[in-house]
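Descriptive structure summary
What follows is each chain in one-letter form.
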Amino acid sequence: MMIRILKLQKAVIASILGILALIAYKIMLEHKVEAANYVLSAAGILFMSGALMFLYPILFSKKDKEGQVELDPEKQEQMSVEEPPVR
């Protein structure tokens, strides 16, 4: 639930793909495949992009009036201005 709230699904998927690429690299290295270095590079890129995606909510969050952190303040402001609460 927390991962869904923070919109970190893409970061988790990138990290999982990085782990799978690293496993593929180890298997290719054992079988002495020449393209193993390309898979290792792809794993590194996936890990770095996943790490940057994990940092995105932290870097772009803002505090509201009560001191609570808002992860997407523009979206919440638009919702409160456009639609009154439904009872």
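Attention in this report is confined to the structure presented alongside it.

What follows concerns the overall build of the chain. Of the regular secondary structure elements, the chain holds four helices and two strands. Listed N to C, the secondary structure of the chain is α-α-α-β-β-α in terms of helices and strands. Put simply, the chain shows about 7600 Å² of open surface, and 65% of that area lies on carbon and sulfur atoms.

A word on the side chain of S15. Topologically, S15 is positioned in helix α2 (residues 9-30). Not counting residues within four places of it along the chain, the set of residues in contact with S15 comprises F47, G50 and F54.

Here we come to α2. With 22 residues, α2 extends 32 Å from end C-alpha to end C-alpha; this agrees with the ideal 32 Å at 1.5 Å per step. The set of residues buried in α2 consists of A11, A14, S15, G18, A21, Y25 and M28. Buried residues in α2, looked at end-on, bunch into an arc of 140 degrees, giving them a common side. One or two residues past the end of α2 sits K32, with phi positive at roughly 55 degrees.

Another point: helix α3 (residues 36-59). For α3, spanning 24 residues, the distance from its first C-alpha to its last is 35 Å, which sits close to the expected 34 Å at 1.5 Å a residue. Looking only at α3, the buried set comprises A36, A43, G50 and P57. Buried residues belonging to α3 abut α2.

This part is about the packing of α2 against α3. The interhelical angle for the contact between α2 and α3, taken along N-to-C directions, is 160 degrees, at an axis separation of 8 Å. Taken together, the axes of α2 and α3 are roughly antiparallel relative to one another. Handedness of the α2/α3 crossing: left-handed. Along the lines of polarity and charge, the residues of the contact of α2 with α3 split into 19 nonpolar, five polar and one charged.

Parameters at a glance
Residues numbered from 1 in each chain as written. Predicted model: local features only at pLDDT ≥ 70, side-chain atom pairs only at ≥ 80, totals over all residues. Heavy atoms only, no water. Helix = DSSP H or I, 4+ residues; strand = E, 2+ residues; numbered from the N terminus. Areas by Shrake-Rupley, 256 points an atom, 1.4 Å probe, with all protein chains shown as cover. Contact = heavy atoms within 4.5 Å. Expected span 1.5 Å × (residues − 1). Buried < 20%, exposed > 50% of the residue type's maximum accessible area, 1.4 Å probe, protein only. Arc of directions from axis to C-beta. Axes fitted to C-alpha atoms, helices over the stretch in contact; angles between N-to-C directions. Parallel < 35°, antiparallel > 145°, perpendicular 65-115°, else oblique. Left-handed = near helix turned anticlockwise from the far one by under 90°. Nonpolar A, V, L, I, M, F, W, Y, C, P; charged D, E, K, R; others polar.

Shape is all these values report; function is a separate question.
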